Amino acid sequence: MGMHSHDNHSHTGHQHKNGHGHGHSHGHGHGEVRSFNTAFAIAVTLTLVYTFAEGGYAFYANSMSLLADAVHNLGDGLGLILAWIANWLLTFPARKRYSYGFKRTTIIAALANAFILVATSAVIAYESIFKLFNLTTVNETVVIIVGIIGIFVNGGTSLLFMRGAKDDINIKGAFLHLMADALILVGVVISAIVIYYTNWHWIDPVIGLIIVGIVLYGTWGLLRDSVILILDAIPHYIDHVGVKEYLQSIPGVQAVHDLHIWGLSTREVALTAHLIMPDKPLSDADYKKINNELHTRFNINHATIQVEAGSTADPCIRSETC
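Calculation rules
Residues numbered from 1 in each chain as written. Predicted model: local features only at pLDDT ≥ 70, side-chain atom pairs only at ≥ 80, totals over all residues. Heavy atoms only, no water. Helix = DSSP H or I, 4+ residues; strand = E, 2+ residues; numbered from the N terminus. Buried < 20%, exposed > 50% of the residue type's maximum accessible area, 1.4 Å probe, protein only. Contact = heavy atoms within 4.5 Å. Areas by Shrake-Rupley, 256 points an atom, 1.4 Å probe, with all protein chains shown as cover. Phe/Tyr/Trp six-rings, centres within 6.5 Å; stacked < 30°, edge-to-face > 60°. Pairing = 2+ DSSP bridges. Core = buried A, V, L, I, M, F, W, Y, C linked by side-chain atoms within 4.5 Å. Right-handed = clockwise from strand over helix to strand, strands pointing away. Axes fitted to C-alpha atoms, helices over the stretch in contact; angles between N-to-C directions. Parallel < 35°, antiparallel > 145°, perpendicular 65-115°, else oblique. Nonpolar A, V, L, I, M, F, W, Y, C, P; charged D, E, K, R; others polar. pLDDT = per-residue confidence, 0-100.

1. Things to note about the overall build of the protein
Secondary structure assignment for the protein yields 9 helices and 4 strands. The buried share of the protein, reckoned over its 322 residues, is 49%. Intrachain contacts of the protein at a sequence separation of at least 6 include 78% that bridge at least 24 residues. Summing over all exposed atoms, the protein offers an accessible surface of approximately 15,400 Å²; the carbon and sulfur share of this is 65%.

Encoded structure:
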């Protein structure tokens, strides 16, 4: 999980202190996770029921834009199921082999979600281009009615995730997908109204292609954030420069090295660092203060600090590489 073994640091007088027991909050409690599980249950059920109905009516109405949105909705439904499973796994406690529990599954789910949307977008693009060169009539009335129902379904379910969207890319992914679908359907309904009055049937596949562009644009951020987390890179919302400056500002600290910050899940962040403190060690109260600062100021939930005297005769070998 990005943790370095400290076995090669056998300096006498070194202190290894873990911030996990100091009573600071570890992100969302199980009650909040369960409340999102309820939101996922409602969203998945409504999304899948609407998706299959929308797909059926899209074939009946011969509408590429409606079918495109149905395929996009199916991607969202599958993505919601993945995010739901990952969110549920967050409630599992750590165990002997999985010392961090199953938190990382949330990152895998977000990554899989992004890939699903890219794959469905390719299908939509192919079908839209085919229809653009093989124009057929569209039953605009059916498209308008089904589209309006979808706006309420997607818009309503997206609101279930608004509260957690800022803290967790999995919840954010669910929120953005559902909200985007509602907005896309607004475009689908408007295009059907235009076709109804003008008979410009080329508008339908063009709207399908526009949907592809919107989906890919929205998926890029989710894909980038997921890859960043799965590679143990510093999450984009963490001020790593500020973290290092804070650690260096602690009284008695001469240098900071071997500083690592990575995501344990889509909502929890861990840190390890070596502090060179030749004159004074840290007390339990100091550790508690450091952990509280890292949590409240920088949103870092799990901090492990190693203090070293910085002896020139027996220096920490990690200082050369980190």
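2. A word on unusual backbone geometry
The backbone of Asn62 shows a phi angle near 60 degrees, a positive value even though the residue is not glycine. Structurally, Asn62 is set in the loop between α1 (30-61) and α2 (64-89). Classification of Asn62 by relative accessible area gives partly exposed; the value is 33%. You will see that Asp232, though not glycine, has its phi angle at about 60 degrees, which is positive. With respect to the helices and strands, Asp232 occurs in the loop between α6 (203-230) and α7 (240-249).

3. A look at the packing of aromatic side chains
A complete count under the given rule lists 4 aromatic pairs for this structure. On the numbers, 5.2 Å between centres and 85 degrees between planes, the contact of Tyr196 with Tyr197 is edge-to-face. Exposure remark for Tyr197: the relative accessible area of 67% places this residue in the exposed category. Consider the rings of Tyr246 and Phe298, whose centres lie 6.2 Å apart with planes at 45 degrees: the pair is tilted. With Tyr246 in helix α7 and Phe298 in helix α8 (residues 284-298), this residue pair connects regions lying 52 residues apart in the sequence. For Tyr246, a relative accessible area of 9% translates into the label buried.

4. Re the pairing of strand β2 (residues 255-263)
Note: β2 against strand β3 (residues 269-276), 7 bridges, orientation antiparallel. The partner of Gly263 across the bridge, within β3, is Val269. Adjacent in sequence and paired antiparallel, β2 and β3 are bridged by 5 residues.

5. A few points about the nonpolar core
One finds Leu66, Val143, Val188 and Ile211 to be the most contacted residues of the largest nonpolar core, which totals 27 residues. Leaving out residues up to four positions away in the same chain, Leu66 has contacts with Glu54, Tyr57, Ala58, Val143, Val146, Leu185 and Val188. Counting residues in hydrophobic clusters, the runner-up holds 22 residues, among them Val256, Ala273, Met277 and Ala303.

6. Points about the pairing of β3
For β3, a buried count of 8 out of 8 residues is recorded, marking the element as mostly surrounded by other parts of the structure. Handedness of the β-α-β unit built from β3, α8 and strand β4 (residues 302-308) comes out right-handed.

7. Structural notes on the packing of α2 against helix α3 (residues 105-132)
For the pair α2 and α3, the least separation of the axes is 9 Å and the interaxial angle reads 170 degrees. Judged by the inter-axis angle, α2 sits roughly antiparallel to α3. Split into classes, the residues belonging to the contact of α2 with α3 amount to 13 nonpolar, 9 polar and 3 charged.

8. Observations regarding the confidence of the model for the protein
Per-residue confidence for the protein gives a mean pLDDT of 79; residues scoring 70 or more make up 84%. The model gives residues 1-31 a pLDDT under 50, and that stretch makes 71 contacts with residues more than four places away or in other chains.

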